[in-house]
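Observations on the model geometry
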Amino acid sequence: MKKILALIAGILAFSSAALADNDRAVTLDRLPAKARTFVMENFPDARLAYAKQERDFLEVHYEVVLVSGVKLEFDRRGEWTGVECRYSTLDKNIIPEPIRAAVEKLYPGTEYRKISRDRREYEVKLTYGLELTFDRDFNLMGIDD
């Protein structure tokens, strides 16, 4: 009886682990409409390196990488959750205006490498290597170097 229970537990553990990593390649036209619009408006001349849909149980995320080295992340509705430039800087139009104003006041003339957001906060990484964290009301919460 113990062997049967151990076998069943092993099968369940293996099958849930196999389902946890369910990534699949998608084309740009298979992204949610908001994600497609974001890519076309902010990176009109960019070429797609790859796009994939990531499924983690109840969550669905999309990752888009452009040939220029820009990595974009979207949630299931197509809202951006992260934008990162590996070899260049971000267009300042992607950064919300209150964050741009606060960063310009603290670090005039700076450029951005990365921005990410979740339900509680925004995080921006500057070319200086500093990471600034803002709450949902765009109040500066912390600076990491």
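All values derive from a computational prediction rather than experimental measurement.

**Looking at the overall build of the protein**
If you tally the helices and strands in the protein, you get three helices and nine strands. Starting at the N terminus and walking to the C terminus, you meet the elements of the protein as α-β-α-β-β-β-β-α-β-β-β-β. In the protein, which comprises 145 residues, the proportion classed as buried is 30%. If you take every contact in the protein between residues at least 6 apart in sequence, the share linking residues at least 24 apart comes to 33%.

**Describing the environment of Gln53**
With respect to the secondary-structure elements, Gln53 resides in strand β2 (residues 48-56). In this structure Gln53 comes out as buried when scored by relative accessible area, which is 6%. Residues contacting Gln53, with those up to four places away along its chain left out, are Asn22, Asp23, Arg24, Val26, Val60, His61 and Tyr62.

**Topic: the layout of surface pockets**
Its volume calculated, the largest pocket comes out at about 560 Å³. Along its surface, the largest pocket is lined by 23 residues, and Asp75, Thr81, Arg117, Asp118 and Arg119 are the ones closest to its centre. Residue assignment for the lining of the largest pocket shows that the elements contributing at least two residues are β3 (59-66), β4 (70-74), β5 (80-85), β6 (112-117) and β7 (121-126). At five residues, the largest contribution of residues to the lining of the largest pocket is made by β3. Looking at side-chain class alone, the lining of the largest pocket contains five nonpolar, three polar and 15 charged residues.

**Regarding the packing of aromatic side chains**
For the structure shown, the criterion picks out four aromatic pairs. Taken together, a centroid distance of 5.9 Å and an interplanar angle of 75° make the contact between Phe38 and Phe74 edge-to-face. Here the residue Phe38 occupies a position in helix α2 (residues 33-42), and Phe74 occupies one in strand β4, the gap between them amounting to 36 residues. This pair shows no difference in class: Phe38 is buried, exactly as Phe74 is.

**Focus: empty space enclosed by the protein**
A probe as big as a water molecule, rolled over the atoms, marks out the empty space that is left. The tally for this structure, following the rule as stated, stands at one cavity of 30 Å³ or more. Reported here for the largest cavity is a volume of approximately 30 Å³. If you trace the largest cavity, you find it lined by Lys114, Ser116, Glu123, Val124, Lys125 and Glu131. Looking at the lining of the largest cavity, the elements with two or more residues in it are β6 and β7.

**Focus: the nonpolar core**
Counting residues in each nonpolar core, the largest one holds 30 residues, and the members touching the most others are Leu72, Phe74, Val83 and Ile115. At the level of secondary structure, the elements contributing two or more residues to this core comprise α2, β3, β4, β5, α3 (97-106), β6, β7 and β8 (131-135). The element contributing the most residues to this core is β3, with four residues.

**Observations regarding α2**
Within α2 the residues assigned to the buried category are Ala35, Phe38 and Val39. Buried residues of α2 fall within an arc of 95° about the axis and therefore sit on the same side. Exposed and facing more than 90 degrees away from the buried side of α2 are Met40 and Glu41. On the buried face of α2, the contacting elements are β4 and β5.

**Looking at the side chain of Thr133**
Along the chain, Thr133 falls in strand β8. Each residue touching Thr133, except ones within four places of it in the same chain, is listed here: Glu121, Tyr122, Glu123, Asn139, Leu140, Met141 and Gly142.

Parameters at a glance
Residues numbered from 1 in each chain as written. Predicted model: local features only at pLDDT ≥ 70, side-chain atom pairs only at ≥ 80, totals over all residues. Heavy atoms only, no water. Helix = DSSP H or I, 4+ residues; strand = E, 2+ residues; numbered from the N terminus. Buried < 20%, exposed > 50% of the residue type's maximum accessible area, 1.4 Å probe, protein only. Contact = heavy atoms within 4.5 Å. 1 Å grid on protein atoms, 1.4 Å probe; cavity = no way out; pocket = protein on both sides within 12 Å on 5 of 7 lines; lining within 4 Å. Points joined across faces, edges and corners; volume = space filled by probe spheres on them. Nonpolar A, V, L, I, M, F, W, Y, C, P; charged D, E, K, R; others polar. Phe/Tyr/Trp six-rings, centres within 6.5 Å; stacked < 30°, edge-to-face > 60°. Core = buried A, V, L, I, M, F, W, Y, C linked by side-chain atoms within 4.5 Å. Arc of directions from axis to C-beta.

Just geometry here; none of it tells us what the structure is for.
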